[in-house]
Amino acid sequence: MRVGATSVALPGLTMFKKVLIANRGEIAVRIIRTCREMGIQTVAVYSEVDKTALHVLEADEAVGLGSAEPNHSYLNIDRLLAAARKTGAEAIHPGYGFLAENPVFAERCRQDGVIFIGPPAQAIRDLGNKTVARTIMSRAGVPVIPGLHQTSEDLQVFSREAERLGYPIIIKAAAGGGGKGMRTVSDLSDLPEAFQSCRSEAEKAFGDGSLYLEKHLESPRHVEFQILADSFGNVVHLFERECSIQRRHQKIIEETPSPALTSDLRRQMGQAAVAAARASGYVNAGTVEFLLDRDGNFYFLEVNTRLQVEHPITEVTTGLDLVRCQLEIAAGQALTFRQEEIQPRGWAIECRIYAEDPEAQFLPSPGKILTLREPSGPGIRLDSGIRAGFEVPMEYDPILSKLIVYAENREAARQRMIRALENYVILGINTTIPFLLEVFKSAEFREGRTRTDFIDRHFEGWKPDRGKADLARIAFAAHDRCRVRTSTGEKASAPDRLSPWQTLGEWRL
Amino acid sequence: MAGRYELKIGDEVKTLEWLPGEGPDQARVRISEAEYSVRFQAVDDHQILLQVGGRTVQAFVAGGANGKYVFIEGGVYRVEELDQARKRKSRGGLDETPAEVTPPMPAVVVRLLVREGETVAKGQGLVVVTAMKMETTLKAPFDGVVKQIKTTLQAKVMPGDQLVEIEERKAS
């Protein structure tokens, strides 16, 4: 059955009247929309450069936090709590990034009597430390990547373990994440150097230089499971998302279902994800990430204790609104559906649109959006944080929006994505749209051969296809002709603005 | 009304000749060896409906700092009109020096790696800037001595801004 019946806010059931969203951009907008549908008042927060950002325009109220510098605005716990107090918000949704996985913030909310919409601080803390998380998981019978379960400062411990596992191995920072503080080592002679440089990088980036070691898996897939857990011990999973296509360890394309899972493997991994949530005392929405090797073995990677960027693909295939679920769980309601009632349908793909220049090593590309036309149509969802005229600030993440398509099968979804991207016009800054288009058009993607080294293997040193350069030159000149005529008032002979009274002859429209 | 455009896309410069067509919304366009028959119609300030050969194309055009962005079916082309580029150069003169220490994108200065008077080698890091959580190190374009540091920590800087002036040391 379809699970449209996630609990209706029945009279007598508590629900927040007002929620503060401690974030910006597309995720803040997305959270505001569900709140509005549920009749919950919303409070946006903003920094100096975001005064007229989309999330501010869409919220019921907005509170300025300070300068663009994240520490003075979106990362400033004191100011966020003061804003909640001032506006009377009963709960705070952290979105993703910024303070979403900061146990101190969750704890401070609790102390201030504000509900943090996310897991308990202790779960965030435990799962944020990789060795603690590995220990919790292996005790619960969840397979972890072979390697050390404790950090060590002794190079001998590393070389012995590496010898036992066989090279290549990977050295990781216990406090690490996002691809930082990691070194792959393929030979004993490289170990001391990698150990030292990884430690100093981890100290700098996380203030904690403790390291451990794992077996390196050869071009694995990244497959994660969405989980939901309420405060009454009910835990379900909402199936998987395949997120293997990454650049600099950042996901750029996600899909569900995974082309790599059999129904048997899916059931096993789903059970492992639920066990992982139970073992860590998890409450609210979370994601259990796994690596899947070529032989179909899966290993626990980490738990993301927040709403994921790629959550919409799960929403469109399960029919659930994850933000609604999060709000209900945080308000103390129980899950109203059981595992066997959740039945995903069809195929969904998401891609992330970044303000980066794909022609110049993906350098950040902040600036003003001059023209914006967004794709629409059957099976298309766009979660966007931008508008025409908006100045995309240089201080934050380059994510502009997420384009999500849904169709009956993978190939139809892929074709729909190509069509939607071809209709997505963002001019004034550089975006990754032209690059994404070529990824979706590639034979490797079409055949589902998506592994974590996909981009390096198939799109290294990518240059855009200039096949339509002459058309672009013609458009430039035509635009110039139209403008010249408009500005000089030479109207009679000019192809003026399109009007319904003009005949188009044999034009195909 | 005929016209001529020197249009650069990437590294490729081509001359486009715009010749009158049969009607006011038509033209014949020559680019290198190729000739196209074109119908065109402005939809609004940024949108052009084109028919080139037998094919209908919606194009979007918007002005940027260095030329215009042209959108065709998901592809974005940065088109620079060379005439204009030459004018800009004669005003600023910056573009002609490949030796400038300038950020490739709008950014904030987070670290200064050298001091005035310091001798630097070609390729040595001078300034670290950050934008959208990504750091970029600007390097010395040649061997020389740091003559002047023209920026400060936390300064917002733009492409074209000279952050460090280096006096080149010629090989003797």
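The rules behind these values
Residues numbered from 1 in each chain as written. Chains lettered and ligands numbered in written order. Predicted model: local features only at pLDDT ≥ 70, side-chain atom pairs only at ≥ 80, totals over all residues. Helix = DSSP H or I, 4+ residues; strand = E, 2+ residues; numbered from the N terminus. Buried ≥ 20, exposed ≤ 12 C-beta atoms within 10 Å, placed from the backbone. Rg over C-alpha atoms; globule rule 2.2 N^0.38 Å. Contact = placed C-beta atoms within 7 Å. Pairing = 2+ DSSP bridges. Expected span 1.5 Å × (residues − 1). Arc of directions from axis to C-beta. pLDDT = per-residue confidence, 0-100. Domains from an automatic or database assignment. Core = buried A, V, L, I, M, F, W, Y, C linked by C-beta atoms within 7 Å. Axes fitted to C-alpha atoms, helices over the stretch in contact; angles between N-to-C directions.

Draft legend 1. Highlighting the overall build of chain B. If you tally the helices and strands in chain B, you get one helix and 15 strands. Per-residue burial over chain B gives 31% buried out of 172 residues.

Draft legend 2. How the structure looks around the overall build of chain A. On a plain count of helices and strands, chain A comes out with 16 helices and 22 strands. Compactness check: chain A gives a C-alpha radius of gyration of 24 Å against a globular reference of 23 Å for 509 residues, within 12% of the reference. With 509 residues in all, chain A has 50% of them scored as buried. For chain A, long-range pairs separated by at least 24 residues make up 65% of all intrachain contacts whose partners lie at least 6 apart in sequence.

Draft legend 3. Representation of the interface of chain A and chain B within the structure. Contact residues are listed per partner, giving 45 residues for chain A and 51 residues for chain B. Where the side of chain A that touches chain B is concerned, the elements lending two or more residues are strand S16 (363-364), helix H12 (410-422), strand S22 (425-427), helix H13 (433-441) and helix H16 (469-488) of chain A. If one sorts the elements of the side of chain A that touches chain B by residue count, H16(A) sits on top with 13 residues.

Draft legend 4. Spotlight on the pairing of strand S12 (residues 134-139) of chain B. Residue and element names in this part refer to chain B. Two strands pair when backbone bridges link them, and strand S11 (residues 125-131) and S12 are joined in this way by six bridges, in the antiparallel orientation. In the sheet register, Ala 131 faces S12, and the bridge partner there is Met 134. Counting the residues between successive antiparallel strands, the hairpin from S11 to S12 contains two residues, one of them, Met 132, with a positive phi of roughly 50°.

Draft legend 5. The arrangement of helix H8 (residues 191-206) of chain A in detail. Residue and element names in this part refer to chain A. Compared with the 22 Å implied by 1.5 Å per residue over 16 residues, the 22 Å span of H8 between its first and last C-alpha is a close match. Where H8 is concerned, the buried positions are Leu 191, Ala 194, Cys 198 and Ala 202. Along H8, the residues classed as buried sweep out an arc of 60° about the axis, all on the same side. Away from the buried face of H8 by more than 90 degrees, exposed residues Glu 193, Gln 196, Ser 197, Ser 200 and Lys 204 are located. Taken from the residues just after H8, Gly 207 is the one with a positive phi, measuring 70°.

Draft legend 6. Fine view of the confidence of the model for chain B. Put simply, chain B has an average pLDDT of 87, and 87% of its residues get 70 or more. Both scores are given for the predicted complex: the pTM is 0.88, the ipTM 0.79.

Draft legend 7. Representation of helix H9 (residues 263-279) of chain A in the model. Residue and element names in this part refer to chain A. In a regular helix each residue adds 1.5 Å, so 17 residues correspond to 24 Å; H9 covers 24 Å between its end C-alpha atoms and thus fits that length. The set of residues buried in H9 consists of Met 269, Gly 270, Ala 272, Ala 273, Val 274, Ala 276 and Ala 277. As for H9, its buried residues are in contact with helix H6 (130-139), strand S9 (221-229), strand S10 (235-247), strand S12 (284-292) and strand S13 (298-304). Backbone geometry just after H9 places Gly 281 at a positive phi near 65°.

Draft legend 8. Spatial organisation of the domain arrangement of chain B. Segmenting chain B into domains produces domain 1 (3-92) and domain 2 (107-168). On a C-alpha basis, the centroid separation for the pair domain 1 of chain B and domain 2 of chain B is 37 Å.

Draft legend 9. Molecular detail of the nonpolar core. The biggest cluster of nonpolar side chains holds 178 residues, and the ones touching the most others in it are A:Leu20, A:Ile92, A:Val405, A:Ala472, A:Ala475, B:Ile48 and B:Val70. The element contributing the most residues to this core is H16(A), with nine residues. Beyond its immediate stretch of four places on either side in the chain, A:Ala475 contacts B:Ile48, B:Leu50, B:Ala59, B:Val61, B:Val70 and B:Ile72. A:Leu148, A:Ala173, A:Ala174 and A:Leu191 belong to the second largest nonpolar core, which has 16 residues in total.

Draft legend 10. Main features of the domain arrangement of chain A. Taken domain by domain, chain A holds domain 1 (18-125), domain 2 (146-215) and domain 3 (352-457). Computed over C-alpha atoms, the centres of domain 1 of chain A and domain 2 of chain A are 36 Å apart.

Draft legend 11. View of the sheet that holds strand S5 (residues 115-116) of chain A. Residue and element names in this part refer to chain A. Taken together, the five strands give an open sheet; going across it, the order is S3-S2-S1-S4-S5, and neighbouring strands pair in parallel fashion. Either end of the sheet is taken by a strand with one partner, and the two such strands are strand S3 (61-66) and S5. With two bridges connecting them, strand S4 (residues 91-93) and S5 associate as parallel partners. The residue bridging Ile 92 from the neighbouring strand is Phe 116, located in S5.

Draft legend 12. Region of the structure containing unusual backbone geometry. Here the residue pair A:Tyr167 and A:Pro168 is connected by a cis peptide bond, since its omega of -5° sits within 30 degrees of zero. Summarising the element assignment, A:Pro168 is placed in the loop between helix H7 (155-165) and strand S6 (169-177). Even without a glycine there, the phi angle at A:Gln361 is positive, about 50°. In this structure, B:Lys133 is a non-glycine residue whose phi angle is positive, near 70°. With respect to the helices and strands, the residue B:Lys133 is situated in the loop between S11 and S12. Taking the number of C-beta atoms within 10 Å as the measure of exposure, B:Lys133 has 14 and is therefore partly exposed.

Draft legend 13. Focus on the sheet that holds S6(A). Residue and element names in this part refer to chain A. Taking strand neighbours across the sheet as the criterion, the three strands line up as S7-S6-S8 in an open arrangement whose pairing is antiparallel. The open sheet has two edge strands with one neighbour each: strand S7 (180-185) and strand S8 (211-215). Averaged over neighbouring strand pairs, the angle between their axes works out to 25° when direction is ignored. Bridge count between S6 and S8: five bridges; the pairing is antiparallel. Across the sheet, the residue bridging to Ile 169 is Lys 215, located in S8. Relative to the sheet, H6 contacts S6 and S8, its axis offset from that of S6 by approximately 105°.

Draft legend 14. A look at the environment of A:Lys215. Residue and element names in this part refer to chain A. When you line up the elements, Lys 215 lands in strand S8. For Lys 215, a count of 19 C-beta atoms within 10 Å puts it in the partly exposed group. Distance from Lys 215 to Thr 184, taken between C-alpha atoms, is 9.4 Å for residues 31 residues apart in sequence. Sequence-distant contacts of Lys 215, defined by excluding residues within four places in its chain, comprise Ile 145, Pro 146, Gly 147, Leu 165 and Ile 169.

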